[in-house]
Amino acid sequence: MLPSFTTTRNICHVLGHLINFRRPKSNFTSNYSEMFRMRLNAEQVGRKFEVSDDELTVVERRMSDAMDAGLWRNGQPDALATTRCWDTRVPRPSPPTATDAVVSKFLSLDLCRGDRFCTRLTTLLGSHDVWIRSREHPLTPSTLMTGKVANLFDHVASGLAEFADEFNVRQAGVPLALTLGFPVWHPGALGGAANLCRWTKGFDCTDAMTRDVAAEWRAAAARADVVVGSVAVLNDACVAMMHSAADRPDTRVALVVDEGCNCCYVSEFGRTVINTEWGAFGEDGALDHLLTEYDHRLDARSQNPGKQIYEKMTSGELRSL
């Protein structure tokens, strides 16, 4: 049987005392009106972000065209294609053969966020056993993000040195995978030169533009007295692809949505991974019909106005705001 109105009101009265809260009767109507007004405002704002199926179809077609243009120009770092679709020369992971030279231990360094970086030591114990230890380090002061790239890399190399000391690999010369969450073009094979084409996520060390970040990192490691072997610069989406493919060889696509947004996929011939860099999609106006006043405001206040439009529409915190 349903409780009576009196019983219900008494229960609410008791609960009000339990949480030590009592609303003055004179403010009830005004508070309810304020809550109703806020709800209406929230609904009005939310409707501005709604996208119809027809609009999504337009976005799908324009993104497909942008990726086709990027694939035609992926050997040209300064090409006009907004969605670069670079062939990163990352081999699609496959099960090792008996003739493969197996690397049993390597270091990883992740620089993809504006407030911290991560160091990692991976040891392969067998065909399926892996031992991993990692640490997060604060990226402070924030001026490191917009100063000289040598200062940024020296700070990161110092953190790597402390971490490597902990596991006695500072002088071991083990290979290093440097994961960068920024557009980087590889003119050659993985492990060679890696040219930084653009900073994102609030970073803006202008002296690093178009320079070989792999060489910059080797110099910083040497200054920190860290002996590493080969250095491979990887995009975070490509790392996600390789990580998944190690357990699931049928992996074909990897998507990263964090402080940034990017996607990579296995090429048509199944030999390499294409890094789309689709965070820049929309820089040519392809997404203008979906931009709200809030998108325009965020873009204007960012460190790279007019750039990384799709990334700003879909990803998380923007450090430059």
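This text follows the structure it describes.
Peer 1: Explain the overall build of the protein here, please?
Peer 2: Of the regular secondary structure elements, the protein holds 8 helices and 11 strands. Within the span of the protein, comprising 321 residues, buried residues form 39% of the whole. Taking the intrachain contacts of the protein between residues at least 6 apart in sequence as the baseline, contacts between residues at least 24 apart amount to 59%. Just so you have it, the protein exposes about 18,500 Å², and 55% of that area is on carbon and sulfur atoms.

Peer 1: Got a minute to help me understand the sheet that holds strand S8 (residues 228–235) in this structure?
Peer 2: Strand pairing within a sheet occurs via backbone hydrogen bonds; the two strands may be parallel or antiparallel. Pairing is mixed across the open sheet formed by 5 strands, whose spatial order is S4-S3-S2-S5-S8. On the outer flanks of this sheet lie strand S4 (130–138) and S8, each paired with one strand and no other. Across this sheet, the average inter-strand angle for adjacent strands is 20°, counted without regard to direction. Along the sheet, helix H4 (residues 149–166) contacts strand S2 (105–111), strand S3 (116–124), S4 and strand S5 (174–180); its crossing angle with S3, the most-contacted strand, is approximately 40°. Seen against the sheet, helix H5 (residues 213–223) touches S2, S5 and S8 and runs at an angle of roughly 140° to S8.

Peer 1: Help me out: how do you make sense of the pattern of salt bridges in this one?
Peer 2: Evaluated as defined, the whole model comprises 15 salt bridges. Residues Arg-211 and Asp-207 are paired through a salt bridge, measuring 3.9 Å at the closest nitrogen-oxygen approach. Overall, the relative accessible area of 33% leaves Arg-211 in the partly exposed class. On the basis of relative accessible area, Asp-207 is assigned to the partly exposed category, the value being 26%. Residues joined by salt bridges that share partners form a network here, namely Lys-48, Glu-293 and Arg-297.

Peer 1: So what exactly am I meant to see when it comes to the nonpolar core here?
Peer 2: The tendency in soluble globular proteins is for nonpolar side chains to be buried as a group. Core analysis: the largest hydrophobic core is formed by 41 residues, its most contacted members being Leu-111, Leu-152, Trp-199 and Trp-217. Elements with a minimum of two residues in this core: S2, S3, H4, S5, H5 and S8. Per-element tally for this core: the top contributor is H4, with 9 residues. For Trp-199, the contacting residues outside a window of four places in its chain are Val-149, Leu-152, Phe-182, Asp-204, Cys-205, Thr-206, Ala-208, Met-209 and Asn-304. Val-59, Tyr-265, Trp-278 and Leu-291 belong to the second-largest nonpolar core, a separate cluster that totals 17 residues.

Peer 1: Teacher, can you tell me more about the packing of H4 against H5 here?
Peer 2: When two helices pack together, their arrangement is given by the angle between the helix axes and by the axis-to-axis distance. Packing of H4 against H5 leaves a shortest axis separation of 8 Å and a crossing angle of 55°. Taken together, the axes of H4 and H5 lie oblique to each other. Viewed along their axes, H4 and H5 form a crossing whose handedness is right-handed. Judged by residue contacts, Val-149, Ala-150, Phe-153, Asp-154, Val-156, Ala-157 and Leu-160 of H4 engage Val-213, Glu-216, Trp-217, Ala-220, Ala-221 and Arg-223 from H5. Broken down by class, the residue content of the contact of H4 with H5 amounts to 10 nonpolar, no polar and 3 charged.

Peer 1: When you look at unusual backbone geometry in this model, what are you seeing that I'm missing?
Peer 2: Across residues other than glycine, the phi torsion is negative in most instances, and most of the peptide bonds are trans. The residue after Thr-140, namely Pro-141, is reached through a cis peptide bond having omega 0°. Tracing the backbone through its elements, the reader meets Pro-141 in the loop between S4 and H4. With a phi close to 60°, Lys-201 is a non-glycine residue in the positive phi region. Relative to the assigned elements, Lys-201 resides in the loop between strand S7 (195–196) and H5. With relative accessibility at 7%, the residue Lys-201 sits in the buried group.

Peer 1: Hey, could you run me through the pairing of S3 in this one?
Peer 2: Bridge count for S2 against S3 is 6 bridges, and the pairing is antiparallel. When the sheet's bridge partners are listed, Asp-110 is paired in S3 with Cys-118. Where S2 folds back onto S3 in an antiparallel hairpin, the turn is made up of 4 residues. The pairing of S3 with S4 spans 9 bridges and is classified as antiparallel. Residue pairing in the sheet places Leu-124 in a bridge with Val-130 of S4.

Definitions and limits used
- Residues numbered from 1 in each chain as written.
- Predicted model: local features only at pLDDT ≥ 70, side-chain atom pairs only at ≥ 80, totals over all residues.
- Heavy atoms only, no water.
- Helix = DSSP H or I, 4+ residues; strand = E, 2+ residues; numbered from the N terminus.
- Buried < 20%, exposed > 50% of the residue type's maximum accessible area, 1.4 Å probe, protein only.
- Contact = heavy atoms within 4.5 Å.
- Areas by Shrake-Rupley, 256 points an atom, 1.4 Å probe, with all protein chains shown as cover.
- Pairing = 2+ DSSP bridges.
- Axes fitted to C-alpha atoms, helices over the stretch in contact; angles between N-to-C directions.
- Salt bridge = Lys/Arg side-chain N within 4 Å of Asp/Glu carboxyl O.
- Core = buried A, V, L, I, M, F, W, Y, C linked by side-chain atoms within 4.5 Å.
- Parallel < 35°, antiparallel > 145°, perpendicular 65-115°, else oblique.
- Left-handed = near helix turned anticlockwise from the far one by under 90°.
- Nonpolar A, V, L, I, M, F, W, Y, C, P; charged D, E, K, R; others polar.

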